[in-house]
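Take a look at the letters that make up each chain.
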Amino acid sequence: MHLIINWEDFLQHHWQKHPVLLKKAISHFINPVSPEELEKLVTEQALESQLIQRNHGKYQLVHKPFNGYASLGQRNWSLRVEAINHSHRPAEKFLSLFRVFPDWVKEELTVVFSVPGGGIGPQTKPSDVLMIQGMGRSRWRVGDRGSSPVFDDGQNDFSEAMVDEELSSGDMLYIPKGSAHEAISSEAAMRVTSFIFGQTTACA
């Protein structure tokens, strides 16, 4: 597994400027954690997680303990596990691929497993995001920095999305902090996201 990115070019032309999709940024991609391992980590080690269900285009957090995949059905849900690098060695090793930033910059790895129709609702993050598509495929839409994730009527505001693409294994999507984004999986899919916090403008 190799990262195929010209970091100097990326930091100069894209970093904290606008979203960009880098196709096949990682060759021979291997998921740092499988869906089955993720299930065990949450149920046996009580890792912090969120179960997100999608009904009629709307997303809802499930406020009850996660007890495994069996009772969830085969469509329209996602399991998100945050900061997995603190308790899972392969995830920590995977995160090292992105350590091109100064020591004062904090990075955390989040893993999301989605079944068909599952995803994350429109949102923005107070951090820069490097998202790697693992197994499966997901459609991503990303607005420009400062764009609003939803209109007042609750409909997604991506009419002028800067990225509107289906991602497959090894693709990397950079989302600057403050950029509205959403994702929906077209099949069972996993994505690995590095959240980058800190005054990182000095890298550019």
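From a predicted model like this one, the values you see are computed outputs, not experimental measurements. (Residues numbered from 1 in each chain as written. Predicted model: local features only at pLDDT ≥ 70, side-chain atom pairs only at ≥ 80, totals over all residues. Heavy atoms only, no water.)

Chemist: Explanation requested: the overall build of the chain in the structure shown.
Modeler: When you go through the chain residue by residue, the secondary structure sums to three helices and 14 strands. Taken over 204 residues, the chain has a buried fraction of 48%. Of the contacts made within the chain by residues no fewer than 6 positions apart, 83% connect residues no fewer than 24 positions apart. Carbon together with sulfur atoms contributes 48% to the accessible area of the chain, which is approximately 10,300 Å² in total. (Helix = DSSP H or I, 4+ residues; strand = E, 2+ residues; numbered from the N terminus. Buried < 20%, exposed > 50% of the residue type's maximum accessible area, 1.4 Å probe, protein only. Contact = heavy atoms within 4.5 Å. Areas by Shrake-Rupley, 256 points an atom, 1.4 Å probe, with all protein chains shown as cover.)

Chemist: Would you mind showing me how to read unusual backbone geometry here?
Modeler: What you tend to see is this: most non-glycine residues have negative phi, and most peptide bonds are trans. The backbone phi angle of K24 is positive, close to 50°, even though this residue is not glycine. The exposure class of K24 is partly exposed, given its relative accessible area of 48%.

Chemist: Please clarify how the environment of K58 should be interpreted in this entry.
Modeler: Residue position: K58 is located in strand β5 (residues 58-61). For the pair K58 and I120, spaced 62 residues apart in sequence, the C-alpha separation works out to 9.8 Å.

Chemist: What should I look at first to understand the pairing of strand β6 (residues 77-81) in this one?
Modeler: Remark: a regular strand shows side chains that alternate across the two faces of the sheet. In terms of burial, β6 is a largely internal element, five of the five residues being buried. Alternating positions in β6 separate into two faces, W77, L79 and V81 on one and S78 and R80 on the other, with burial throughout. With five bridges joining them, strand β4 (residues 49-55) and β6 adopt antiparallel strand pairing. Looking at the pairing, I52 lines up with S78 of β6. (Pairing = 2+ DSSP bridges.)

Chemist: Looking at this structure, I do not really get helix α2 (residues 35-45). What am I missing?
Modeler: In an α-helix, one turn spans 3.6 residues, which is why side chains three or four residues apart end up on the same side. For α2, the complete set of buried residues consists of P35, L38, L41 and V42. On an axial view of α2, the arc spanned by its buried residues comes to 120°, and they lie on one face. Seen from the open side of α2, the exposed residues pointing more than 90 degrees away from its buried face are E36, K40 and E44. Immediately downstream of α2, the backbone of A46 shows phi near 55°, a positive value. (Arc of directions from axis to C-beta.)

Chemist: What should I look at first to understand the packing of aromatic side chains in this one?
Modeler: Each aromatic ring pair is specified by the distance between its two centres and by the angle formed by the two planes. For the structure on display, the rule yields nine aromatic pairs. Geometrically, the ring pair formed by F10 and W15 is tilted, given 6.2 Å between the ring centres and 55° between the ring planes. Across the pair, W15 and F10 agree in class, each one buried. These aromatic residues form a ring-pair network of at least three members: W7, F10, W15 and Y174. (Phe/Tyr/Trp six-rings, centres within 6.5 Å; stacked < 30°, edge-to-face > 60°.)

Chemist: Before we go on, may I ask you to explain the nonpolar core in this structure?
Modeler: Nonpolar side chains tend to gather and get buried jointly when the protein is soluble and globular. The biggest cluster of nonpolar side chains holds 38 residues, and the ones touching the most others in it are F10, L38 and I84. If you list the elements that add at least two residues to this core, you get α1 (7-13), α2, β6, α3 (89-95), β7 (106-114), β9 (128-133), β12 (172-175) and β14 (189-197). Aside from chain neighbours lying at most four places away, what touches L38 is V33, Y69, L79, V81, I84, V111, F113 and M190. Within the second largest apolar cluster, 13 residues are counted, among which are I52, V129, M131 and A183. (Core = buried A, V, L, I, M, F, W, Y, C linked by side-chain atoms within 4.5 Å.)

Chemist: Would you explain the pattern of salt bridges in this entry?
Modeler: For side chains bearing opposite charge, pairing can occur when the charged atoms are close. Under the defined criterion, the tally for this structure stands at six salt bridges. In this structure, the salt-bridge partner of K23 is D171, at a minimum N-O distance of 2.7 Å. Highlighted residues: K23 in the loop between β2 (20-22) and β3 (26-27) and D171 in the loop between β11 (163-167) and β12, separated in sequence by 148 residues. A residue is classified by how much of its surface remains accessible, and K23, at 46% relative accessible area, is partly exposed. For E166, the salt bridge identified is with R137, shortest N-O distance 3.1 Å. (Salt bridge = Lys/Arg side-chain N within 4 Å of Asp/Glu carboxyl O.)

Chemist: Which parts of the structure should I look at to understand the confidence of the model for the chain?
Modeler: Do not read the fine detail of predicted coordinates wherever pLDDT is low. When pLDDT is averaged along the chain, the result is 83, and 84% of the positions lie at 70 or above. Taking the mean pLDDT of every element in the chain, the minimum, 75, falls on strand β1 (residues 2-3) and the maximum, 94, on β6. Taken as a whole, residues 199-204 scores under 50 in pLDDT and shows 13 contacts with residues more than four places along the chain or in a different chain. (pLDDT = per-residue confidence, 0-100.)

Chemist: Whenever I open this one, the side chain of T110 confuses me. Can you help?
Modeler: As for its placement among the helices and strands, T110 is situated in strand β7. In this structure T110 touches R80, V81, E82, A83, R191, V192, T193 and F195, once residues within four positions along its chain are discounted.

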